[in-house]
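Coordinates in review
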Amino acid sequence: TVAIPVNRADLAQRAGLFEKQKYPCTPGFEFCGEIIEVAEDVSTRFLNQKVYYWGDHRNSDLQQGAYASNLQLPLEELIMLPFEVDLLNFAASSSAGILALESLKSFRKAEQKILVTGASGGLGSNLLTFGTHMGHTMYAATTSEDKIDYCKSIGAKDAVNIRLGSINDQSPEI
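Now for a quick tour of the structure. Within any chain, residue numbers begin from 1 and follow the written order of that chain's sequence. Whole-chain, interface and lining totals are the exception, using all residues; otherwise, since this is a predicted model, local features are given only for residues with pLDDT of at least 70 and side-chain atom pairs are given and counted only at 80 or more. Water and hydrogen atoms were dropped before computing side-chain values, which therefore reflect all heavy atoms in the structure.

Attention now goes to the sheet that holds strand 6 (residues 156-161). At least two DSSP bridges between two strands are required for those strands to pair. In this description a helix means any DSSP run of H or I spanning at least four residues, a strand means any run of E spanning at least two, and both kinds are numbered starting from the N terminus. The strand order across the open sheet formed by three strands is 4-5-6, and the pairing between neighbours is parallel. In the strand order of this sheet, the two ends are held by strand 4 (113-117) and strand 6, each with one partner. For this sheet, the mean inter-axis angle between neighbouring strands, taken without regard to orientation, is 20°. One ladder, built from five bridges, connects strand 5 (residues 137-142) with strand 6; its direction is parallel. Within strand 6, the position partnered with A141 by the bridge is V160. For helices, the fitted axis covers only the stretch in contact; all axes are lines through C-alpha atoms, and the angles between them, taken along N-to-C directions, range from 0 to 180 degrees.

Relative to the assigned elements, N89 resides in helix 2 (residues 87-92). Note on classification: 1.4 Å probe, protein chains only; a residue is buried when its accessible area is under 20% of the maximum for its type, exposed when over 50%, partly exposed between these limits. For N89, a relative accessible area of 54% gives the class exposed. Remark: the alpha-carbon pair of N89 and P5, spanning 84 residues in sequence, is separated by 9.9 Å.

With that settled, consider the nonpolar core. Within this scheme, the nonpolar core is defined by two criteria: the residues are buried Ala, Val, Leu, Ile, Met, Phe, Trp, Tyr or Cys, and they are joined through side-chain atoms within 4.5 Å. In this structure, F90 and L128 are the most contacted members of the largest nonpolar core, which totals 24 residues. At the level of secondary structure, the elements contributing two or more residues to this core comprise helix 2, helix 3 (94-104), strand 4, helix 4 (122-133), strand 5, helix 5 (145-153) and strand 6. At four residues, the largest contribution of residues to this core is made by helix 3. Leaving out residues up to four positions away in the same chain, L128 has contacts with V116, A119, M138, Y139, A140, C151, I154 and A156. One finds F31, Y53, L73 and L78 within the second-largest nonpolar core, a separate group that totals eight residues. In what follows, residue pairs with any heavy atoms lying within 4.5 Å of each other are defined as contacts.

Next up, the structure:
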């Protein structure tokens, strides 16, 4: 485990508010980390793969434990992250990050043009970053000039300030 997002459920668990919880236990519902070892029947190509895990709620034995330094989990319960992802930053916005990754799955064909509105926020930032790393051409719509610079720094090919007029007038490419 490299980083753990702490959310409301973690705080409730640590406070002993889960009636069915068996204590003592290792708390933590989600983590960001890297695969450091694989079982004999798993390809070694997964070694050093960055991953995200958010408790498998179908199996009560795996709903906790993310605070541990090392975990043993089935590969199919891990969400593979792009190699370039900074795990500490991802952990800080993991819900938005997972939503971004899941949203981008619908763009199966690489090199698509994607416009992100609200591009400087948590979800928008993740969409720009992941979309760029997945080979898409990303564009951003935001509300100020400093946000335009930020969006370009994380992968937007072009960005516009929607307060200054129509998107097409500011950037015909979009």
